[in-house]
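# Coordinate inspection notes
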Amino acid sequence: MTPRRERTLLQVAVAIACLVPLSVATLSVVRGAAWLQPAPAIDLDSHFRYLSGIFLVLGLAFASCIPAIESKTGRFRLLGAMVVGGGLARLVSLLTIGMPSTGHVVGLGIELAVVPLLLLCQTRIAHRYRQAITA
């Protein structure tokens, strides 16, 4: 596979992956935690919207890497580390409290499997592009 094709595939994968945090975070900022049943207390809703705002900006930051993904290694790794860190915290919850709903299990899979794979792909592509420039 050519470096250009590999880069395009990674860009498409990251764009698709961005749809999850951007849509869930936007819904959560707009509707609050009320879409979780039963309706939460005021402080929980405030905290939920705060975290959803962070999640929204995280998704936008990932999306900002797409155009020149081969040169955004530092940003991409920091964002990926944030997602993996959140996934590890979610895993602690699973192990101590119990299995969450399907959506959260899917999130856990994205956080601890998909994002690390995207990080590996971005590292490979960045390396290949650096080699192509120096060749």
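In this text the structure is predicted, and so the values were computed from the model without any measurement. (Residues numbered from 1 in each chain as written. Predicted model: local features only at pLDDT ≥ 70, side-chain atom pairs only at ≥ 80, totals over all residues. Heavy atoms only, no water.)

## What about the overall build of the protein?
We apply this condition: By the criteria applied, helices consist of DSSP H or I runs no shorter than four residues and strands consist of E runs no shorter than two, each listed in order from the N terminus. Relative accessibility decides the category of a residue: with a 1.4 Å probe and only protein chains considered, values under 20% of the type maximum give buried, values over 50% give exposed, and everything between is partly exposed. Note on contacts: a residue pair is in contact if any heavy atoms of the two residues lie within 4.5 Å.
Scanning the protein for helices and strands turns up four helices and zero strands. Listing each helix as α and each strand as β along the protein from the N terminus yields α-α-α-α. Overall size of the protein, expressed as C-alpha extent along the three principal axes, is 60 × 30 × 20 Å. Out of the 135 residues in the protein, the part that is buried amounts to 28%. Sequence separation of 24 or more characterises 63% of the internal contacts of the protein that already satisfy a separation of 6 or more.

## Some remarks on the environment of Val20
Tracing the chain through its elements places Val20 in helix 1 (residues 3-31). C-alpha separation for the pair Val20 and Leu36, spaced 16 residues apart in sequence, amounts to 17 Å.

## A word on the packing of aromatic side chains
Put simply, the rule reads: Geometry of aromatic contacts follows a simple scheme: Phe, Tyr and Trp rings, the Trp one being its six-membered ring, pair when their centres are within 6.5 Å, and the pair is stacked under 30 degrees between planes, edge-to-face over 60, tilted otherwise.
Going through the model one piece at a time under the given rule, you end up with one aromatic pair. Measuring from centroid to centroid gives 5.4 Å for Phe62 and Phe76, while their planes differ by 85 degrees, and the two rings are edge-to-face. Residue Phe62 is found in helix 2 (residues 42-65), and its partner Phe76 is found in helix 3 (residues 73-96); the two are separated by 14 residues along the sequence.

## Brief notes about the state of the cysteines
The condition that has to hold: Criterion for a disulfide: a pair of cysteine sulfur atoms within 2.5 Å.
Counted according to the given criterion, the structure contains zero disulfides. Free cysteine: Cys18, not disulfide-bonded; nearest cysteine sulfur from Cys65 at 8.2 Å. You can call Cys18 buried: its relative accessible area is 5%. Free of any disulfide, Cys121 has its nearest cysteine sulfur in Cys65, 14 Å distant.

## A few points about the pattern of salt bridges
Cut-off, in case you're wondering: Basic side-chain nitrogens of Lys or Arg form a salt bridge, by our definition, when they fall within 4 Å of a carboxyl oxygen of Asp or Glu.
Counted by the stated rule, this structure contains five salt bridges. Note that Arg7 is salt-bridged to Glu70, the shortest N-O span being 2.4 Å. Of this pair, Arg7 sits in helix 1 while Glu70 sits in the loop between helix 2 and helix 3; the two residues are 63 residues apart in sequence, bridging distant segments of the chain. Of the two residues examined, Arg7 and Glu70, each falls in the buried class. One continuous salt-bridge network, built from bridges that share partners, spans Glu6, Arg124 and Arg128.

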